[in-house]
Amino acid sequence: MKFLHLSDLHLGRRLCEVDLYEDQRHILNQCLAMATEHGVDGVLVAGDVYDRSVPTVGAVALLDEFLTGLCRAKIPVYLISGNHDSADRLGFGSQLLVAGGVHLAAVFSGGLEHYLLEDAFGPVHLWALPFIRPSQVRAALPEETIESYTDAVAALIRAAGPDFSARNLIMAHQFVTSGGRSPETCDSETLNLGTLDNVDAAVFEGFDYVALGHIHGPQQVGAEHIRYCGSPLAYSVSEVRHHKAAVLVELGEKGDVRWQPLPFAPLRPLRRVQGPLEELIDSAEPGCTDFVHAVLTDRQIPPNAAARMRSVYPNLVKLELAPQIPTGRSEAQLRARQLQRAGLLDQFADFYRTVHGQPLSEEERAVLEPICREVEA
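If you're wondering where the values come from, they're calculated on a predicted model, not measured in any experiment.

A.B. asks: Would you take a moment to explain the pattern of salt bridges for this structure?
C.D. replies: Should their charged atoms come close, side chains of opposite charge can pair. Enumeration according to the criterion identifies 13 salt bridges in this entry. Across the pair Asp208 and Lys254 runs a salt bridge, and its minimum N-O distance is 3.0 Å. Of this pair, Asp208 sits in the loop between β11 (198-200) and β12 (209-213) while Lys254 sits in the loop between β15 (245-251) and β16 (257-263); the two residues are 46 residues apart in sequence, bridging distant segments of the chain. A salt bridge links Arg373 to Glu369; the shortest N-O distance between them is 3.4 Å. One end of the pair is Arg373 and the other is Glu369, both in helix α11 (residues 362-376) and four residues apart, which spans about a single turn.

Set out below in structure tokens:
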């Protein structure tokens, strides 16, 4: 049995105020092609389908087109809500959509949603957990002691009672950590400070595969089968080094689980270029349509830098200045060493000049000199 693991579509998102409608449509078409080519038995979308709780008209149209394509290909889709989604809005029409193979576990119902599938090796149990907060679980399971996100997810799994002698998969949209180590994050994610909202990966012990959403960089958390597939597109310049991909998961008999990344080919890749303005302009590839984050190393901001960069990089999304520091001692470093060797009076005189913009007068030096000598004695 095969599944395509996706998450964090963030439909309606912009990259540094640049509209991504066509870029997201391009990626969703690739997802549909991957699912069809590999003959998957289901597409798992692990939350943050939309970028905001009230999605744009374009974002709704993109999801409608994607789900319609999957239905026409007779590929079931299992979708949960994330912290960016409005669960109620995302879950609209969920009971009607089941007939078309669209399973929306958007609204938390008080427990894990359960889907029973079957292949030549027997049953496969797919569990779905939309984004939840401990307060929701306390209300659903008042007999449990829920003090943290880990407690909340662990209690829901216990209440569901999976039979781990069979094959089990679970989808979840949470901030999952392992052994106190947090996953690698980036600027486009909404996270709390510290580990207030973390879920320990140990709660997923026993599952054959854990399809996570929430973190935009593809990575495992602790065990190899507990995975964030990441977002399909870069949603901040901090994601320039990410290798965006869907994850193809294949279940054989119990204990035989395999997965592989299926790389995306974005319509406009994100790249980072660095150097002096003139060099970047001269080395630009003709007709480049990539999203570009440019870091200028000029000592001073060149005039009209952004306009000149856009003449060769029309999709410039961010321009920043990071002047290179000479490898030798800078003037400030030399001045600091000189002051370390200077006497107290000279150090105070330097401080006075920095604050007031003028040197000590002869009269002021005459007053301070005996005081400084006494302090240094």
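A.B. asks: Looking at this structure, how should I read helix α8 (residues 305-312)?
C.D. replies: Every α-helix winds through 3.6 residues per turn, so residues three or four apart in the chain are directed the same way. Residues of α8 that are buried include every one of Ala305, Met309 and Val312, and no others. Buried residues of α8, seen end-on, are gathered within an arc of 60° and therefore sit on one face of the element. More than 90 degrees from the buried face of α8, the exposed residues found are Ala307 and Ser311.

A.B. asks: Please explain the pairing of β15 as it appears in this structure.
C.D. replies: On a regular strand, each side chain points to the face opposite its neighbour's, so the side chains alternate between the two faces of the sheet. Taking burial as the measure, the seven residues of β15 include six buried ones, the bulk of the element. With four bridges connecting them, strand β1 (residues 2-6) and β15 associate as antiparallel partners. Paired with His5 across the bridge in β15 is Val247. Sheet analysis places β15 next to β16, joined by seven bridges and oriented antiparallel. From the neighbouring strand, Leu251 faces β16, where its bridge partner is Val257. Between β15 and the antiparallel strand that follows it, β16, lie five residues; Gly255 among them carries a positive phi value of about 95°.

A.B. asks: What's the story with the layout of surface pockets in this structure? I'm lost.
C.D. replies: Approximately 280 Å³ is the volume found for the largest pocket. In terms of lining, the largest pocket is formed by 14 residues, of which the most central are Leu63, Asp64, Leu67, Phe92 and Leu97. Elements represented by at least two residues in the lining of the largest pocket include exactly α2 (57-72), α3 (87-90) and β6 (102-105). Of the residues forming the lining of the largest pocket, the biggest block, six residues, is contributed by α2. Tallied by class, residues from the lining of the largest pocket come to 10 nonpolar, two polar and two charged. The calculated volume of the second largest pocket comes to roughly 240 Å³. If you trace the second largest pocket, you find 17 residues lining it, with Ala234, Lys244, Pro266, Pro269 and Leu270 closest to the centre. Looking at side-chain class alone, the lining of the second largest pocket contains 11 nonpolar, two polar and four charged residues.

A.B. asks: Sorry if this is basic, but what is going on with the environment of Ile157 here?
C.D. replies: Here Ile157 is to be found in helix α6 (residues 149-160). Ile157 sits in the buried class, given a relative accessible area of 8%. It is 8.2 Å that separates the C-alpha atoms of Ile157 and Gly111, two residues lying 46 residues apart in sequence. Non-local contacts of Ile157, meaning those with residues more than four positions away in its chain, are made with Leu112, Pro162, Ile170, Val203, Phe204 and Phe207.

A.B. asks: I'm lost on unusual backbone geometry in this one. Help?
C.D. replies: Note: most peptide bonds trans; most residues except glycine with negative phi. A positive phi angle, close to 50°, is found at Cys16, a residue other than glycine. Overall, the relative accessible area of 36% leaves Cys16 in the partly exposed class. Unusually for a residue other than glycine, Lys74 sits at a positive phi of about 55°. Note on placement: Lys74 falls in the loop between α2 and β5 (77-80).

A.B. asks: How should the packing of helix α1 (residues 21-37) against α2 be read in this particular structure?
C.D. replies: In a packed pair of helices, the relevant descriptors are the angle between the two axes and the axis-to-axis distance. Remark: α1 packs on α2, axes separated minimally by 10 Å, with the N-to-C direction vectors making an angle of 15°. In this view, α1 runs roughly parallel relative to α2, as classed from their interaxial angle. Where α1 crosses over α2, the handedness of that crossing is right-handed. Facing α1, whose interface residues are Tyr21, Gln24, Arg25, Leu28, Asn29, Cys31, Leu32 and Ala35, α2 presents Gly58, Leu62, Glu65, Phe66, Gly69 and Leu70.

The rules behind the values
Residues numbered from 1 in each chain as written. Predicted model: local features only at pLDDT ≥ 70, side-chain atom pairs only at ≥ 80, totals over all residues. Heavy atoms only, no water. Salt bridge = Lys/Arg side-chain N within 4 Å of Asp/Glu carboxyl O. Helix = DSSP H or I, 4+ residues; strand = E, 2+ residues; numbered from the N terminus. Buried < 20%, exposed > 50% of the residue type's maximum accessible area, 1.4 Å probe, protein only. Arc of directions from axis to C-beta. Pairing = 2+ DSSP bridges. 1 Å grid on protein atoms, 1.4 Å probe; cavity = no way out; pocket = protein on both sides within 12 Å on 5 of 7 lines; lining within 4 Å. Points joined across faces, edges and corners; volume = space filled by probe spheres on them. Nonpolar A, V, L, I, M, F, W, Y, C, P; charged D, E, K, R; others polar. Contact = heavy atoms within 4.5 Å. Axes fitted to C-alpha atoms, helices over the stretch in contact; angles between N-to-C directions. Parallel < 35°, antiparallel > 145°, perpendicular 65-115°, else oblique. Left-handed = near helix turned anticlockwise from the far one by under 90°.

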